Amino acid sequence: MKFKKEDKINRKRPRLPLNCLRISVSCLVVLLLVSLSFAQNLPRPLNVIRITPHPSDPNILYALDESHGVFKSVDQGKTWVLKNTGLDQLPEILPLSLHPEFFTELAMGKTNPNVLFVVKNWLIYRSEDGAETWTFSGKGAESFVYGSNQATYFINEVVTHPTDAQVVYAGTIVGGATGGVFQSVDGGRTWTPLAGDTVPGSGLGNDAAPIVIDPLDPLRMYAGGVHSIFFRSTDAGLHWERRDPLVGVEGAIWPDDGLGVNPANPAEVFVGVGIFAPFQAVKSFVSKDFGASWTELPQLKGAIRSLQFAPSFPNRVYAVVRTRPEFHPSTPGSFLLFRSDDSGVTWAELGSSPFEFQSLAVDPFDPNHLYVGTQHRGVIQSFDGGDSFITK
């Protein structure tokens, strides 16, 4: 894998006043103001955990920076603008943590790409104008702390329905409080619990992330979690059945994009699993029967973290794979990129990156044009199917 440096990132900070040559209260204030100003004018996202291309306009691209929020590009990722207007709104019920700020999800409406959802500090926000403005949109998706009934929020995931713009799902990652899957039937404006530990008989606990909907049969849904591995539903999320790839182990699907469905053949389900007891390991599996049974994918050398099929070439699929079992590995090369041209039957290893691969997106019109979100260098691009990359 080759990396070509096209442009150097110019990230010069404004110069401080000359009277700030020694540390004083006034200097610290200036430093704080400069830091805040710089954060609001980031030239590009850096730690990218989601990439969302516009389905019909190849120039429009969104990226979610885990620490700084939503960025939008209108020139295929050459330049970026921060789009966080409205994300400072707070509901009456607050999450348990507001600082430091963190983001976990960016989702686009399948029937209207101007409708977007972002999750910030466990709170859902909605945009109707392509991320220009945001409004808090999580009423009804509250969790309750065990033992105290304190209301709070633990939303991690938002998934839009493939054909019905009014139906949206949200999932939690939570410890010590209620959770599960919430559903909205008014386009994501309000929510009600659908399944979880507050819904008797649903078969689901308080974790549900990631969530994936079968694009051809929306009644069929899949979910993972930090305290469980794999659940499936055949009635649009009302009832869930646990079908783990491995028996007798404790593990989790990575709550990024470690769960994926082949859009051309939804019977094929892919999962990346982190096992943490009775041993530590990372593995990937594929099911050919909607998650009823599983086969390990040793070619991938670890657990799928992100999986994306090329919309214009259904047999082409890319995967970022985690090769180490720790949730926060520090060893360079812990993430590998793979490509398959036969829907995941065989895989070609494309290598690792010093920038650490995290998330994937494929140009809707060009299967060789790949966007990869990295931990240290923002969005990098390949125009030859991942064989080489241009770093802006």
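Right, let's walk through the structure included here. (Residues numbered from 1 in each chain as written. Predicted model: local features only at pLDDT ≥ 70, side-chain atom pairs only at ≥ 80, totals over all residues. Heavy atoms only, no water.)

### Focus on the layout of surface pockets
Gaps left between atoms show up when a probe the size of a water molecule is rolled over them.
Right, so step 1: As a volume, the largest pocket reaches approximately 1,300 Å³.
Right, so step 2: Of all the secondary-structure elements, those providing two or more residues to the lining of the largest pocket are β2 (48-53), β6 (103-108), β12 (155-160), β16 (211-213), β21 (259-261), β25 (303-310) and β29 (357-362).
Right, so step 3: Its residues assigned to classes, the lining of the largest pocket comprises 25 nonpolar, 7 polar and 6 charged. (1 Å grid on protein atoms, 1.4 Å probe; cavity = no way out; pocket = protein on both sides within 12 Å on 5 of 7 lines; lining within 4 Å. Points joined across faces, edges and corners; volume = space filled by probe spheres on them. Helix = DSSP H or I, 4+ residues; strand = E, 2+ residues; numbered from the N terminus. Nonpolar A, V, L, I, M, F, W, Y, C, P; charged D, E, K, R; others polar.)

### A closer look at the pairing of strand β3 (residues 61-65)
Right, so step 1: In terms of residue burial, β3 counts as a mostly covered element, since 5 of its 5 residues are buried.
Right, so step 2: Both β2 and β3 contribute to a ladder of 5 bridges, which runs antiparallel. Within β3, the position partnered with P53 by the bridge is L61.
Right, so step 3: Judged from the 5 bridges that link them, β3 and strand β4 (residues 69-73) form a sheet pairing that is antiparallel. Bridge pairing in β4 links Y62 to K72.
Right, so step 4: Joining the antiparallel neighbours β3 and β4 is a turn of 3 residues. (Buried < 20%, exposed > 50% of the residue type's maximum accessible area, 1.4 Å probe, protein only. Pairing = 2+ DSSP bridges.)

### Remarks on the pattern of salt bridges
Right, so step 1: What the rule picks out here adds up to 16 salt bridges.
Right, so step 2: Notably, a salt bridge pairs E241 with R243, separated by 3.3 Å at the nearest N-O pair.
Right, so step 3: With a closest N to O distance of 2.7 Å, D244 and R242 form a salt bridge.
Right, so step 4: Residue classification places R242 among the partly exposed positions, given a relative accessible area of 42%.
Right, so step 5: Several salt bridges share partner residues, and in doing so they unite R50, E105 and D257 into one network. (Salt bridge = Lys/Arg side-chain N within 4 Å of Asp/Glu carboxyl O.)

### A word on the sheet that holds strand β15 (residues 192-196)
Right, so step 1: Taken in spatial order, the 4 strands make up an open sheet running β12-β13-β14-β15, and their pairing is antiparallel. The two strands at the open ends of the sheet, each matched to only one other strand, are β12 and β15. Looking at each pair of strands side by side, their axes are set apart by 25° on average, direction ignored.
Right, so step 2: As judged from the 5 bridges shared by β12 and strand β13 (residues 168-172), these two strands associate in the antiparallel manner. Looking across to β13, one finds that T160 is bridged to V168. (Axes fitted to C-alpha atoms, helices over the stretch in contact; angles between N-to-C directions.)

### Some details on the sheet that holds strand β18 (residues 231-233)
Right, so step 1: The 4 strands are arranged β16-β17-β18-β19 in an open sheet whose pairing can be described as antiparallel. Either end of the sheet is taken by a strand with one partner, and the two such strands are β16 and β19 (241-242).
Right, so step 2: Of the pairings in the sheet, the one linking strand β17 (residues 221-223) to β18 comprises 3 bridges and is antiparallel in character. Bridge pairing links A223 to F231 in β18.

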